[in-house]
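Here is what each chain is made of, one letter per residue.
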Amino acid sequence: MSARSGPRRPAGLGATTRAGLKPAIFVTLVSVLAVVVAAIASAPFRSSTNVESLLFQMAPLLLVAAGQATVILIAGIDLSVGSMMSLATVLAASGSAFGNSAVAVVAVVLLVGAIGGLANGLGVLSGVNPLVMTLATMAVFRGVALLVLGQPGGSVPSGLLTPLTNVYGHVPLPFVVALVAIVLLWFATAETRWGRSLYATGADERHAASAGLPVRRTILTAYLVAGLFAALGGLALVARIYSGDPLVGDPFALDSITAALIGGIAVTGGRGSVLAVVPAVLLLSLTDNLLNLFGVFSYWQYVAKGVILIVTLWGYHAAGSPSGLLAMARSGWRARDARAARGTKA
Amino acid sequence: MPTSRSSSPADVARAGAAPAGASPAPLLVCDRLDKRFGATHAVRGVSLALAPGRTLTLMGENGAGKSTLMAMIAGDLRPDGGAVRIDRDARRETAVEVAVVHQELSLFGNLTVAENVCIGREPRRRSGRIDNRALRAQAEASLARVGVELEVDAPVERLSPAERQLVEIVRAVALDPALLILDEPTSSLEPSQVDLLFEATERLKAGGTSVVFVSHRLDEVFRFADEIAVMRGGELVASGPAGDFTRDSLVNAMVGRELEQLYPPRAVARAADERPLLALEGVGGHGVRDVTLAIRPGEIVGVAGLEGHGQHTVAELAAGVLRAQEGRVLVDGEAIRLRSPRDAIAAGIAFVPPDRRGAGLMLPLSIAENLTVAAEHRLHARRVLRRGRERRAIVPVAERLQLRFASLDQRVGELSGGNQQKVLFGRWLLLPHLRVLVLDDPTRGVDVGARAEIYGMLRELTQQGLGVLLVSTDMLELIGLADRIHVMYEGAVRGTVAGHDATQEDIMSIAAGASR
Ligand SMILES: Nc1ncnc2c1ncn2[C@@H]1O[C@H](COP(=O)(O)OP(=O)(O)OP(=O)(O)O)[C@@H](O)[C@H]1O
Ligand SMILES: [Mg+2]
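Novice: Go over the overall build of chain A, please, and point to the residues and values.
Specialist: Tallying secondary structure elements over chain A gives 17 helices and two strands in all. Looking at the 346 residues of chain A, the share that counts as buried comes to 51%. Excluding contacts between residues fewer than 6 apart, the proportion of contacts in chain A whose partners are at least 24 apart in sequence is 79%. Looking at chain A as shown, the accessible area adds up to about 14900 Å², and 69% of this sits on carbon and sulfur atoms.

Right under this line is the structure:
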């Protein structure tokens with residue numbers, strides 16, 4: 001029986017798609033190892049409540065990090081995703097304004113996410129630096145969120161909250177949605193013409209334009225995706241807080257960047273894989289979860305995340321796969337790498 | 001000598017028409033094209049026409065405006081005045097109108113060879129997903145069409161400069177364009193690879209494609225050209241059928257004066273027992289082994305070899321870019337360890353890398369900043385930048401290099417390719433304790449006039465006691481300059497020939513593995 005299945009070729013994935021997954025293997029191994037060790041060592045960790053809470057915790061970060069990863073792939077950045085998540089939660093908590101209809105709320109949230117993302121994209125296309133543009137919209141989205149709902153509270157329509165907090169076995173719905181959305185996004189970024197254009201634009205916008213690729217459209221859609229995924233992430237957050245909160249999303253702006261970098265996506269653009277945010281988010285959430293379980297004072301969680309970020313990037317560097325900030329530091333040595341790898345002619 | 005200064009497009013069209021019989025309508029017509037970049041008037045009212053299936057080679061000094069003209073023809077740059085017409089109705093349907101091989105390569109290092117060749121035209125399944133098997137097959141077919149052998153799944157950033165240039169050519173040829181623009185496509189190619197390009201263009205021409213070819217290599221120009229046009233200072237100063245030009249008339253039109261001799265006379269032989277400035281003894285590592293050579297004061301020592309046989313590694317080992325894993329490096333008879341370019345510079349060894357954009361220049365910074373970077377500590381005592389002193393030091397160097405620029409504060413990225421190369425070279429002339437220059441393809445993309453200048457300057461420097469290690473893909477350059485030429489084969493020195501009586505054939509046969 002095993003004779004036929006053998007080592008199945010990965011369904012004809014592209015060479016760059018496979019290369020992008022390489023850094024993820026390392027993070028996956030580490031996080032799986034951490035799960036195994038924690039499951040053996042700690043009974044509370046194995047408990048079904050903890051597993052559910054861990055997965056509930058992962059869903060929003062998964063979504064927002066995937067959108068962030070897409071923007072980083074085109075050598076951009078989106079600081080506004082955190083505020084967009086907050087905005088999504090307060091919109092969800094203002095359900096009464098939309099006749100308490102779950103469908104209407106979801107539609108409005110996604111529409112607002114799309115508009116926010118498009119605004120970022122248009123700003124960047126008009127020549128504003130992505131950091132500056134999204135810093136500005138971060139403030140705008142936060143202001144709007146505060147205008148909609150001055151303090152945490154509001155009421156989420158039960159037609160929305162019930163499915164959002166639904167759990168299949170021990171797996172919450174938002175987690176399932178997040179995984180499916182990420183796999184689809186990964187596929188689109190890795191194995192379609194749009195995705196190829198994304199990687200090319202991230203490597204060099206001018207070259208991409210002279211190769212006839214739709215650079216402007218690519219940039220616009222990348223920010224659109226980030227806005228949409230942030231809005232979705234906001235809904236996943238509602239499943240955790242059962243209400244709206246105009247500031248709850250703030251930490252996600254930087255956490256999403258951290259997750260993307262840990263997943264091996266280079267800040268310089270064009271390198272890495274959206275799928276790699278899954279193990280990266282698992283690793284980050286595990287850190288929080290385990291430190292909590294062991295009663296470590298929560299401020300240490302920040303220290304731990306910072307250390308993980310540096311250690312993983314250092315690991316990528318040591319493994320010779322240029323990534324993130326180190327890629328910039330190393331770019332002066334590219335000639336040497338090229339030479340060392342000469343003889344690729346087969 | 002045909003000179004058709006600012007002639008009307010109709011005149012040029014007639015001049016550029018195909019030989020006897022029916023003269024087909026021109027495929028490309030440029031009508032009084034004009035382009036300025038701030039104070040620089042890069043292209044001034046250039047008109048020309050090219051019939052289908054013909055090759056026009058465009059020549060001119062660095063900064064003459066060739067790349068700018070090409071960019072306007074390709075539609076990458078909007079002209080300030082005039083118009084470009086490409087008449088593709090004149091021929092069969094093609095995939096695209098214009099394909100360009102850019103002077104500065106425009107591949108994506110993060111993608112593979114196959115993905116680069118097919119970029120934007122990836123074959124797809126019905127689901128919209130890229131069909132990776134078809135993609136590889138298509139790329140392999142495109143490579144085979146030009147006769148290039150490369151692993152299609154290799155990321156482009158792992159390729160050598162020559163291999164990248166070939167990939168760029170393959171990508172353009174695969175588009176099957178009506179007009180193919182080649183802007184210095186051969187600058188890092190060796191002769192056999194140039195042959196591949198030549199055959200590929202011949203095949204395209206047979207199908208009615210026209211080719212515009214920019215090169216500084218005179219022999220190539222006559223080989224490729226049906227017609228020749230020469231630019232100087234943004235103007236078209238001469239054009240006509242290739243047969244109307246001779247080497248001399250071409251050079252004359254380009255530089256506007258007679259160029260008596262490209263290579264300066266050789267220096268008197270130095271005593272062989274003089275202590276070498278720089279010596280490698282059995283040096284190895286990074287794919288080369290057992291390299292022994294010595295550079296005495298006043299000598300130019302050449303290193304030749306086909307692409308991938310280790311000649312660039314020798315330059316990098318000598319310049320501290322790579323660390324030697326075996327053997328000894330001696331400077332002035334003393335063994336030292338070169339762990340970084342910084343060590344080498346401290347010992348008076350300077351390096352001009354072949355990849356000016358990747359490893360050499362800081363493109364967003366000014367010409368002045370790029371020129372002074374190596375000598376900063378001398379020019380700026382107490383770490384405070386001293387502008388006036390800086391200027392006084394740079395201006396003579398810029399003049400000596402015949403640098404063509406608007407101002408010293410101009411960004412290096414705005415310079416023409418050849419002028420960028422000059423800046424890279426000029427940087428080291430400001431270094432007071434310079435003793436050995438390690439040059440890896442130092443005149444890539446440099447025009448004949450400036451090249452003669454650089455060669456003259458090299459000779460002058462060696463007469464003052466400087467030593468030079470010259471790695472070059474241009475064999476004539478090695479023969480014209482070097483006292484000795486070490487020829488590499490598979491990472492080792494296979495043979496050594498004396499510069500004054502070497503021939504291209506000698507070097508080629510050793511480089512191809514014949515023992516000597
Ligand atoms: N983007 C730009 N901004 C400012 N000046 C420019 C720009 N591009 C080109 N120039 C200037 O226009 C002139 C013509 O440059 P161009 O690149 O066309 O020369 P070229 O003939 O291709 O030279 P080379 O043989 O060195 O490649 C140069 O003086 C150059 O400095
Ligand atoms: Mg040029």
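Back to the write-up after that little detour.
Novice: Go over the coordination of the magnesium ion (ligand 2) with me, naming the residues and quoting the values.
Specialist: Residues and elements named next belong to chain B. Protein coordination of the magnesium ion (ligand 2) is provided by Ser-67 (OG) and Gln-103 (OE1), with donor distances spanning 2.0 to 2.1 Å. Taken together, the positions of Ser-67 in helix 2 (residues 66–74) and Gln-103 in the loop between strand 5 (98–101) and helix 3 (113–117) put the pair 36 residues apart, joining distant regions of the chain. By relative accessible area, Ser-67 is classed as partly exposed at 31%.

Novice: Break down the nonpolar core for me, with residues and values.
Specialist: Counting 93 residues, the largest nonpolar core has Met-58, Ile-262 and Val-274 of chain A as the members making the most contacts within it. In terms of residues, this core owes the most to one element, helix 4 (residues 48–73) of chain A, which gives 15 residues. Ignoring sequence-local partners within four residues, the contact set of Ile-262 of chain A consists of Val-27, Ala-280, Leu-283, Leu-284, Ile-308, Leu-309, Thr-312 and Tyr-316 of chain A. In terms of nonpolar packing, the next biggest core, distinct from the first, is built from 52 residues, Leu-363, Ile-367, Ile-394 and Leu-439 of chain B among them.

Novice: How would you explain unusual backbone geometry if you had to name every residue and give the values?
Specialist: Unusually for a residue other than glycine, Asn-100 of chain A sits at a positive phi of about 55 degrees. As for its position among the elements, Asn-100 of chain A is in the loop between helix 5 (81–92) and helix 6 (102–125). Owing to a relative accessible area of 45%, Asn-100 of chain A belongs among the partly exposed residues under this scheme. Positioned with a positive phi, Asp-290 of chain B is a non-glycine residue whose angle comes to about 50 degrees. With respect to the helices and strands, Asp-290 of chain B occurs in strand 11 (residues 288–295). Look at Asp-290 of chain B and you get exposed, because its relative accessible area is 55%.

Novice: Run through the sheet that holds strand 6 (residues 179–183) of chain B, naming residues and quoting values.
Specialist: Residue and element names in this part refer to chain B. Spatially, six strands are ordered 5-6-7-3-8-9 in an open sheet, and the strand pairing comes out mixed. Taken across any chain shown, the strands that pair with only one partner, and hence form the sheet edges, are strand 5 and strand 9 (235–241). When the angles between neighbouring strand axes are averaged without regard to direction, this sheet yields 15 degrees. Looking at chain direction, strand 3 (residues 55–60) and strand 8 (residues 227–232) are connected through five bridges and run parallel. Across the sheet, Gly-60 pairs through a bridge with Met-231, a residue of strand 8. Against the sheet, helix 5 (residues 161–174) touches strand 5 and strand 6, its axis set at about 175 degrees to strand 5.

Novice: Give a description of the site of ligand 1 that names residues and reports values.
Specialist: Residues and elements named next belong to chain B. Residues in close proximity to ligand 1 total 19 residues, the closest being Gly-63, Lys-66, Ser-67, Thr-68 and Gly-418. In this structure, Thr-68 approaches ligand 1 through a side-chain N or O atom, which is 2.6 Å from an oxygen atom. One of the backbone N or O atoms of Glu-414 is found 3.2 Å from an oxygen atom in ligand 1. Contact with the protein chains covers 86% of the free accessible surface of ligand 1, which is 640 Å². Contributing elements (two or more residues each) for the shell around ligand 1: strand 2 (40–50), helix 2 and helix 15 (417–426). Of the residues that constitute the shell around ligand 1, the class distribution is four nonpolar, eleven polar and four charged.

So, how was this worked out
Residues numbered from 1 in each chain as written. Chains lettered and ligands numbered in written order. Predicted model: local features only at pLDDT ≥ 70, side-chain atom pairs only at ≥ 80, totals over all residues. Heavy atoms only, no water. Helix = DSSP H or I, 4+ residues; strand = E, 2+ residues; numbered from the N terminus. Buried < 20%, exposed > 50% of the residue type's maximum accessible area, 1.4 Å probe, protein only. Contact = heavy atoms within 4.5 Å. Areas by Shrake-Rupley, 256 points an atom, 1.4 Å probe, with all protein chains shown as cover. Donors = N, O, S within 2.8 Å, 3.2 Å for Na, K, Ca; no water. Core = buried A, V, L, I, M, F, W, Y, C linked by side-chain atoms within 4.5 Å. Pairing = 2+ DSSP bridges. Axes fitted to C-alpha atoms, helices over the stretch in contact; angles between N-to-C directions. Near = heavy atom within 4 Å. Polar contact = N/O pair within 3.5 Å; in protein donor to acceptor, adjacent residues only side chain to side chain. Nonpolar A, V, L, I, M, F, W, Y, C, P; charged D, E, K, R; others polar.

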